[in-house]
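What follows is each chain in one-letter form.
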Amino acid sequence: MDSIQVKIAKKAKVSQSTVSRALRNHPALPKETCKRIQKIARELGYTPNPLIASIFRTMRRGTSKDSLGTLAFLTAHPSEHEWKKYATYRDFYSGVYQRGIEQGFKIETHWAANPKLTPKRLEAILTARGITGVVISSRGSITKFNDIAWEKFSVVRIGLSHQTLRFNCAVNHQMHTLRLVASQLANKGYKRLGFAISEKQNTAAEQNWISSALVWQSAHENTIPVFTPPYLEKTPFLEWYYKYKPEAVVSVNPDTAQWLKESGICIPDQVGFALLDWHADYGDYAGANQNSILTGEAAVDMLVDQLRRNEFGIPTHPRTLLIESTWVEGASLKNIAHV
């Protein structure tokens, strides 16, 4: 099949090199020739590729690979810098930033949840900055995203927390992560596992946490009800713990371990504990490292590939790239024997 530039050249009755120059407004060609060929290109459905255009601009300027353009990292936390408080989100950004630099792009952070920022204003800011590639960081679903003209941008999400806009995304393989943690605990002798996951956390993961927990329980005859309140809070959590006395608690939230300690429960002597989203910042706990830096890197790789293919807007068939977790040993578990 003829490429689009071959088709343009045939209809305009010029060479492919002339088409290439005309689409870039090369000064060696008369302006009228450029306009005529560009008009034919539009009629044939040609859309300029901003990544290729950026590369040509860089080559003409003689600048280095470091300036192919800018990608946006959109955050949607309640306050502008709140995402920096959380290790996982910092890792997402580190991955995006590192891979972006490696690919030749600058990274700009934009606070999409700014109450003073309308969707059209955010759209205008990105356009004025020459930004066509966007990474949406994982944090809730905000309505204003629905009002942005996404056909102007190539977008990749991190995480599964925006249910209405089905962009391509990179995310941890949460179902495998829970199985990994449960299997590691079972190998250490723990049988009665208590899963403590808030409804909010589970919804953001599109039910993956609890779905996987229920499958695990069914296969291992674990009858302890999954603790799934709207939000994890100390008193209800401890009531659940004392009622069912699990041999080990599995949670996304490290606060649950602190609540156990504050109530006089010794970890791991009285109960084991493991995190579904481990990070060194949380202390010497065992758990699953979700490799969030790799998730950020994968998001940029996907985005740059989309820009190269000239893919913009919401895809008809969204793709999800799953990142596997890595098990991390910690002092919150021990090998136990069952009679």
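Our structure's up above, just so we're on the same page.
Keep in mind it's a predicted model, so treat the numbers as computed, not measured.

Right, let's get into the sheet that holds strand E11 (residues 326-328). Whenever strands of a sheet pair, they do so through backbone hydrogen bonds, lying parallel or antiparallel. A sheet is described by the order of its strands in space; here 5 strands give the open sequence E6-E7-E8-E9-E11, paired in mixed fashion. Of all the strands in the sheet, the pair left with one neighbour each is strand E6 (193-196) and E11. Between one strand axis and the next, the sheet turns by 20° as a mean value, whatever way the strands run. With 3 bridges connecting them, strand E9 (residues 286-289) and E11 associate as antiparallel partners. Counterpart to Asn289 in the pairing with E11 is Thr326. In the packing of helix H10 (residues 234-244) onto the sheet, the strands contacted are E6 and strand E7 (248-251), and the crossing angle to E6 comes to about 165°.

Turning our attention to the sheet that holds strand E2 (residues 105-111). Pairing is parallel across the open sheet formed by 6 strands, whose spatial order is E2-E1-E3-E4-E5-E10. Each edge of the open sheet carries a strand with a single partner, namely E2 and strand E10 (320-323). Direction aside, the axes of adjacent strands within the sheet are offset by 20° on average. Note: strand E5 (residues 168-172) against E10, 4 bridges, orientation parallel. Within E10, the residue paired with Val171 across the bridge is Leu322.

Orientation of helix H7 (residues 174-187) relative to helix H9 (residues 208-220), taken along the N-to-C sense of each, is 40°, at an axis distance of 8 Å. Taken together, the axes of H7 and H9 lie oblique to each other. The two elements H7 and H9 meet at a crossing, and its hand is right-handed. Contacts between H7 and H9 involve Gln174, Met175, Thr177, Leu178, Arg179, Ala182, Ser183 and Ala186 on the former and, on the latter, Asn208, Trp209, Ser211, Ser212, Ala213 and Trp216. Classifying every residue of the contact of H7 with H9 gives 7 nonpolar, 6 polar and 1 charged.

Right, let's get into H9. Within an α-helix, residues lying three or four positions from one another point in the same direction, as the helix has 3.6 residues per turn. The end-to-end C-alpha distance of H9, which contains 13 residues, comes to 18 Å, matching closely the 18 Å that a straight helix rising 1.5 Å per residue would cover. The complete set of buried residues in H9 reads Asn208, Trp209, Ile210, Ser212, Ala213, Trp216 and Gln217. Residues of H9 that are buried make contact with H7, E6 and helix H8 (199-204). At the exit of H9 stands Glu221, carrying a positive phi of roughly 50°.

Here we take up the environment of Lys7. Structurally, Lys7 is set in helix H1 (residues 4-12). Overall, the relative accessible area of 39% leaves Lys7 in the partly exposed class. Separated by 34 residues in sequence, Lys7 and Ala41 place their C-alpha atoms 8.7 Å apart.

In terms of nonpolar packing, the biggest core is built from 23 residues, with Val181, Leu185, Leu193, Phe195 and Leu276 touching the most fellow members. Of all the secondary structure elements, the ones that give two or more residues to this core are H7, E6, H9, E7 and E9. Excluding its chain neighbours within four sequence positions, the residues that come into contact with Val181 are Val250, Ala274, Leu275, Leu276, Ala288 and Trp327. One finds Phe73, Ala170, Ala298 and Val300 within the second-largest nonpolar core, a separate group that totals 22 residues.

Considering all chains together, one arrives at 16 salt bridges under this definition. Among the ionic pairs, Arg90 bridges to Asp281, the shortest N-O distance being 2.4 Å. In this pair, Arg90 sits in helix H5 (residues 87-103) while Asp281 sits in the loop between strand E8 (272-275) and E9, placing the two residues 191 residues apart along the sequence. Residue classification places Arg90 among the partly exposed residues on the basis of a relative accessible area of 28%. On the basis of relative accessibility, which here comes to 47%, the residue Asp281 falls in the partly exposed class. Across the salt bridge formed by Asp269 and Lys334, the nearest N and O atoms sit 3.7 Å from each other.

Omega for the peptide link from Ile267 to Pro268 comes to 10°, which places this bond in the cis form. With respect to the helices, strands and loops of the structure, Pro268 is situated in the loop between helix H11 (255-262) and E8. One non-glycine residue, Glu206, lies in positive phi territory at about 55°. In this fold, Glu206 is placed in the loop between H8 and H9. In this model, Glu221 sits at a positive phi of 50°, which is unusual for a non-glycine residue. Relative to the elements of secondary structure, Glu221 occurs in the loop between H9 and H10.

Calculation notes
- Residues numbered from 1 in each chain as written.
- Predicted model: local features only at pLDDT ≥ 70, side-chain atom pairs only at ≥ 80, totals over all residues.
- Heavy atoms only, no water.
- Pairing = 2+ DSSP bridges.
- Helix = DSSP H or I, 4+ residues; strand = E, 2+ residues; numbered from the N terminus.
- Axes fitted to C-alpha atoms, helices over the stretch in contact; angles between N-to-C directions.
- Contact = heavy atoms within 4.5 Å.
- Parallel < 35°, antiparallel > 145°, perpendicular 65-115°, else oblique.
- Left-handed = near helix turned anticlockwise from the far one by under 90°.
- Nonpolar A, V, L, I, M, F, W, Y, C, P; charged D, E, K, R; others polar.
- Expected span 1.5 Å × (residues − 1).
- Buried < 20%, exposed > 50% of the residue type's maximum accessible area, 1.4 Å probe, protein only.
- Core = buried A, V, L, I, M, F, W, Y, C linked by side-chain atoms within 4.5 Å.
- Salt bridge = Lys/Arg side-chain N within 4 Å of Asp/Glu carboxyl O.

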